Amino acid sequence: AEVPGGTTVVESTCSMIAGPSNRVPGPSVSRANTGVDTGLRSLPNQTSRRVGATAPVVRAAARAASAWARAHAGGLEEAHGMLADVAQQFRQPGDDHLFGALLSFAADFGAANGDVDRSASEARECVVIAQRVSCASCESQALTSLALVDPCQDMGGPVIVARRAVQLANGIGEVFNVLGAFE
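Rules used throughout
Residues numbered from 1 in each chain as written. Predicted model: local features only at pLDDT ≥ 70, side-chain atom pairs only at ≥ 80, totals over all residues. Heavy atoms only, no water. pLDDT = per-residue confidence, 0-100. Helix = DSSP H or I, 4+ residues; strand = E, 2+ residues; numbered from the N terminus. Contact = heavy atoms within 4.5 Å. Salt bridge = Lys/Arg side-chain N within 4 Å of Asp/Glu carboxyl O. Buried < 20%, exposed > 50% of the residue type's maximum accessible area, 1.4 Å probe, protein only. Core = buried A, V, L, I, M, F, W, Y, C linked by side-chain atoms within 4.5 Å. Expected span 1.5 Å × (residues − 1). Axes fitted to C-alpha atoms, helices over the stretch in contact; angles between N-to-C directions. Parallel < 35°, antiparallel > 145°, perpendicular 65-115°, else oblique. Nonpolar A, V, L, I, M, F, W, Y, C, P; charged D, E, K, R; others polar.

Draft legend 1. Representation of the confidence of the model for the protein within the structure. Predicted confidence across the protein gives a mean pLDDT of 79, with 71% of residues reaching 70 or more. When the elements of the protein are averaged for pLDDT, strand β2 (residues 7–8) gives the smallest value, 40, and helix α4 (residues 116–132) the largest, 97. Contacts for the low-pLDDT stretch residues 1–44, under 50 throughout, to residues beyond four places or in other chains number 47 contacts.

Next comes the structure, spelled out in structure tokens:
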């Protein structure tokens, strides 16, 4: 599109496709949160990326990665708290989808640390969020977490819940994630 002043703006219409499985969700920087600075330069054809708007997302992604590393080092309770805090950072501005995705992984850390009741409660909340936002990926992950820590009597039992998690994951090509979580 041509903008007054001779600046050309390129609008991307790219879409996401399934890539390699990733058990650790990390927020990705949205193209909507970057920009191009077209201020005056010594050379009129130079532009630079403006990343100030992405700083909170980058910090959250770094903290999520730190939580994952902490869990691998044996600090499961600390990792749970760190990841739950990161999840909350997304809920506050209204991104329940990412909140639920991250909280589901925090629930896994809590379960691995033996806090089954809290993990079951978190996993149930994540299932509700995933169903509300119609995300099969998040729902399959949350159901997997739930099947591991809850008797799921109201849902037909843990085997039925696990089967549903695998069916959802299979429908979107993410079976490996669910099977890895059951391991």
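Draft legend 2. Highlighting the pattern of salt bridges. Per the counting criterion, the structure on display carries 9 salt bridges. The partner of E125 in a salt bridge is R91, and the shortest N-O contact between them spans 2.8 Å. On the criterion of sequence distance, the pair formed by E125 in helix α4 and R91 in helix α2 (residues 76–91) is long-range, its members being 34 residues apart. Among the ionic contacts, a cluster of salt bridges with common partners joins R91, D96, E125 and R132.

Draft legend 3. Structural context of unusual backbone geometry. Located in the positive-phi region is S134, a residue other than glycine, with phi close to 55 degrees. Mapping S134 onto the fold places it in the loop between α4 and α5 (136–149). The phi angle at C152 is positive, at roughly 50 degrees, despite the residue not being glycine. Tracing the chain through its elements places C152 in the loop between α5 and α6 (158–171). The exposure class of C152 is buried, given its relative accessible area of 0%.

Draft legend 4. Main features of the nonpolar core. Among the nonpolar cores identified, the biggest contains 38 residues, and L83, V86, F90, L102, L103, F109 and L143 are the most heavily contacted of them. Residue assignment for this core shows that the elements contributing at least two residues are α1 (55–72), α2, α3 (96–112), α4, α5 and α6. With residues up to four places along the chain from it excluded, the contact list for L83 reads A64, A67, L102, F105, A106 and F109.

Draft legend 5. Region of the structure containing α2. A rise of 1.5 Å per residue sets the reference length of α2, with its 16 residues, at 22 Å; its end C-alpha atoms lie 22 Å apart and thus fit the reference within 8%. Every buried residue belonging to α2 is among L76, A79, H80, M82, L83, A84, V86, A87 and F90, and all of these are buried. Check the buried side of α2 and you find it contacts α1, α3 and α4.

Draft legend 6. Representation of the packing of α6 against helix α7 (residues 175–182) within the structure. Their axes nearest at 7 Å, the elements α6 and α7 cross at an angle of 150 degrees. Here α7 runs roughly antiparallel to α6, going by the angle between their axes. Only V175, V178 and F182 of α7 make contact with α6, whose side of the interface consists of A162, A165, V166, A169 and N170. Broken down by class, the residue content of the contact of α6 with α7 amounts to 7 nonpolar, 1 polar and no charged.

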